[in-house]
Amino acid sequence: MRKIYLLFALTLVVLLNACKKDDTIGADILPNDDLLNVGFTDTFTVYSKTLSDTFMRTDKLAKNYLGVINDAKFGFQQASIVTELDRPSTVYDDTLGPFLVDSVVLLLKYNNIYGDSTVPQNFRISTISNKITEFNTYYSNSTAFPASTQIGSVNNYLFRPMRNETVSRTDSVGIPSIFKVPLDNSIGTTILNLGQNVLRDSSLFKNNFPGIIIENAGTSGNAMAEIDLNSFYSGMVIYYRDKKNTLREMKLPTALTKIQNASITTRQNGINLFTKNLSSTVDNVVASGLQTDSVNYVLGQAGTIIKVQLPTLTNMGKAAVNKAELVVTQIEQNTGNFATPIFMLLLKRNASGELDALATGDGVGVLDTALTDNMGKKIARYTFGITKYIQAISLNRESNADLYIATYRAAGTDESVNFLNSTINGTIVNFGFTPSRVVVAGANYSDERYRMKLNLIYSPVK
């Protein structure tokens, strides 16, 4: 898509103020002898364009998503999981063999469900042949781990958080919110036959059993579950008997034991894979040759993002930016359990070309549902505080290049867990991977109240 640069001048509304040294945001980075003499405030329409996204970093996540969503407005989305299993914590004694496998199950703990869980889905579990390299970075469109041998499946599955599933031979009560799939006994026999030396060594075990992929076996479904691979309950369990017919079990957890900073911790070593097929409604907006959209679509999990072009700010001159906010408003209600994003981010391309958080540290939009439409229904509004960013532009410390609205950022550096370095009020959060969606107004939307706008208050200095 060719890049279009839109230039339009600021219209200024003059407010007379007494001449004084300003103590508001922005003034502290200006010379002490600069005096404020006039204040300006205005609102500008912001041009925006919906783009189809391609991929995002999804390795070593704290949480993963699994399932299929078919949405009339946005289209089809699928989330699959590729993960490594750790060696078993309890290893049998060879003298107790030969062993007879009774059953094998995959257990995955999930925290919540996004979407309509009353629509059944089909899942399959297969082995992978390629190892997941621990310190590599992987993305949601990776093709490095194709399914090898299918080892289990479940059809017409419904996520039912209140239904208990047993997780061991001695568990008679069960645990809620467990995704449980029976696996072929042959995979249990294969693992047991690896021998003590392999089963007691994480590296040898990984070489012999690289991991598994959990994916949908079809396109039916309308929900995704947030899977917790770090949970104590997540893993593969082999139920078997020794030569004395004694009942035994062996668990291969999805949470890997890791020594970090002289402490023993756990983390999962896997990748969330995302695929999509946008609806004709969204695809037509993406493919249009218009400079700006009247309606924009934000879809999580590398679905769609919005390119934003701010007005040129060259007319500001030397100024202290008191307040700058980009306001984005929802215009269509989300149906069913498809909640709107709790947070959205303003992103900009970094030196590596990746979409990353603003270098000035601002640019987070928090969900506000206090607004209502003409029918009295609550709609979402996101207000992105970008005072520091606009101040940096006015001082030529930042370029006024394209920004992007998304539910995530691109880069992460923590080798234990990929938190994507996203922070809110100093707290690291991991909110970018939900299949959330929202329809918002663009610059040409018919109702001016909902159009995407930049609100700016600044004071020239001399």
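Worth saying up front: this structure is predicted, and the values here are computed from it rather than measured. (Residues numbered from 1 in each chain as written. Predicted model: local features only at pLDDT ≥ 70, side-chain atom pairs only at ≥ 80, totals over all residues. Heavy atoms only, no water.)

**Thoughts on the overall build of the protein**
Regarding its fold elements, the protein presents five helices and 30 strands. Considering only intrachain contacts with a sequence separation of at least 6, the fraction spanning at least 24 residues in the protein is 79%. Total accessible area on the protein is roughly 20,600 Å²; 50% of this is exposed by carbon and sulfur atoms. (Helix = DSSP H or I, 4+ residues; strand = E, 2+ residues; numbered from the N terminus. Contact = heavy atoms within 4.5 Å. Areas by Shrake-Rupley, 256 points an atom, 1.4 Å probe, with all protein chains shown as cover.)

**Focus: the environment of glutamate 325**
As for its position among the elements, glutamate 325 is in strand 21 (residues 319–329). Those residues in contact with glutamate 325 that sit more than four places away from it in its chain are Thr383, Phe384, Ile386, Lys453, Leu454 and Asn455.

**Let's talk about the side chain of glutamine 77**
Residue position: glutamine 77 is located in strand 5 (residues 75–83). Using a relative accessible area of 2% as the deciding quantity, one classes glutamine 77 as buried. Side-chain polar atoms of glutamine 77 contact the backbone oxygen of glycine 300, separated by 3.0 Å. Of note is the side chain of glutamine 77, whose polar atom sits 2.5 Å from the side chain of arginine 437. Beyond its immediate stretch of four places on either side in the chain, glutamine 77 contacts Gly67, Val68, Ile69, Met224, Thr275, Lys276, Leu299, Gly300, Gln301, Pro435 and Arg437. (Buried < 20%, exposed > 50% of the residue type's maximum accessible area, 1.4 Å probe, protein only. Polar contact = N/O pair within 3.5 Å; in protein donor to acceptor, adjacent residues only side chain to side chain.)

**Some thoughts on the packing of aromatic side chains**
Going through the model one piece at a time under the given rule, you end up with 16 aromatic pairs. Aromatic side chains tyrosine 157 and phenylalanine 159 sit 5.3 Å apart centroid to centroid with 80 degrees between the ring planes, which places their arrangement in the edge-to-face category. Phenylalanine 159 gets classed as buried once you look at its relative accessible area, which sits at 3%. An angle of 80 degrees between the planes, with centres 5.4 Å apart, marks the rings of phenylalanine 232 and tyrosine 233 as edge-to-face. On the accessibility criterion, tyrosine 233 (28% relative accessible area) is partly exposed. (Phe/Tyr/Trp six-rings, centres within 6.5 Å; stacked < 30°, edge-to-face > 60°.)

**Some remarks on helix 4 (residues 280–287)**
Of all the positions in helix 4, only Val282, Val285 and Val286 are classed as buried. The buried residues of helix 4 occupy one face: seen down the axis, they fall within an arc of 100 degrees. Exposed side of helix 4, more than 90 degrees from the buried face: Ser280, Asn284 and Ala287 are the residues found there. Buried residues belonging to helix 4 abut strand 3 (47–52), strand 18 (270–278), strand 19 (295–299) and strand 20 (304–309). (Arc of directions from axis to C-beta.)

**Quick look at helix 5 (residues 387–394)**
Of all eight residues that make up helix 5, seven are buried, and the element is covered over most of its length. Against strand 21, strand 22 (343–349), strand 25 (378–385), strand 26 (403–406) and strand 30 (453–460) lie the buried residues of helix 5.

**A few points about the nonpolar core**
Counting 36 residues, the largest nonpolar core has Phe179, Leu183, Ile191, Ile212, Ile214, Met236 and Ile238 as its most contacted members. With five residues, the top contributor of residues to this core is strand 6 (residues 100–115). Leu326, Leu346, Phe384 and Val440 belong to the second largest nonpolar core, which has 30 residues in total. (Core = buried A, V, L, I, M, F, W, Y, C linked by side-chain atoms within 4.5 Å.)

**Considering the pattern of salt bridges**
Applying the stated rule across the entire model yields 14 salt bridges. The partner of arginine 163 in a salt bridge is glutamate 165, with the nearest N and O atoms 3.4 Å apart. Owing to a relative accessible area of 32%, arginine 163 belongs among the partly exposed residues under this scheme. For glutamate 165, a relative accessible area of 15% puts it in the buried group. Bridged by salt links that share partners, the residues Arg57, Asp59 and Lys60 form one connected network. (Salt bridge = Lys/Arg side-chain N within 4 Å of Asp/Glu carboxyl O.)

**So, the environment of isoleucine 390**
With respect to the helices and strands, the residue isoleucine 390 is situated in helix 5. Overall, isoleucine 390 belongs to the buried group, its relative accessible area being 0%. Placed 66 residues apart in sequence, isoleucine 390 and leucine 456 show a C-alpha to C-alpha distance of 9.0 Å.

**Details of the confidence of the model for the protein**
Predicted coordinates in areas of low pLDDT are best not read in detail. Averaged over every residue, the pLDDT of the protein is 84; the share at 70 or more is 84%. Segment residues 1–37: pLDDT under 50, and 85 contacts once partners within four positions in sequence are set aside and those in other chains are kept. (pLDDT = per-residue confidence, 0-100.)

**Considerations on the pairing of strand 29 (residues 437–441)**
Working note: regular strand, side chains alternate between the two faces of the sheet. The element strand 29 is extensively covered by neighbouring structure, given that five of its five residues are classed as buried. With burial as the criterion, each face of strand 29 is covered, one bearing Arg437, Val439 and Ala441 and the other bearing Val438 and Val440. Pairing analysis gives five bridges linking strand 19 to strand 29, with the strands arranged antiparallel. Of the residues in strand 29, the one forming a bridge with asparagine 296 is valine 440. (Pairing = 2+ DSSP bridges.)

**Considerations on unusual backbone geometry**
A positive phi angle is found at asparagine 245, which is not glycine, with a value near 65 degrees. Within the element layout of this structure, asparagine 245 appears in the loop between strand 14 (235–241) and strand 15 (247–253). A positive phi angle, near 60 degrees, is found at alanine 302, a position not held by glycine. Within the fold, alanine 302 resides in the loop between strand 19 and strand 20. Among the residues examined, alanine 302 registers a relative accessible area of 4% and is labelled buried.

**Re the pairing of strand 14**
Taking burial as the measure, the seven residues of strand 14 include six buried ones, the bulk of the element. Both strand 14 and strand 15 contribute to a ladder of seven bridges, which runs antiparallel. Paired with isoleucine 238 across the bridge in strand 15 is methionine 250.

**Observations concerning the environment of aspartate 293**
Its location among the elements puts aspartate 293 in the loop between helix 4 and strand 19. Distance from aspartate 293 to alanine 443, taken between C-alpha atoms, is 6.7 Å for residues 150 residues apart in sequence. Residues in contact with aspartate 293, not counting those within four places in the same chain, are Ser48, Lys49, Thr50, Val285, Ser288, Gly442, Ala443 and Asn444. Of note is the side chain of aspartate 293, whose polar atom sits 3.2 Å from the side chain of asparagine 296.

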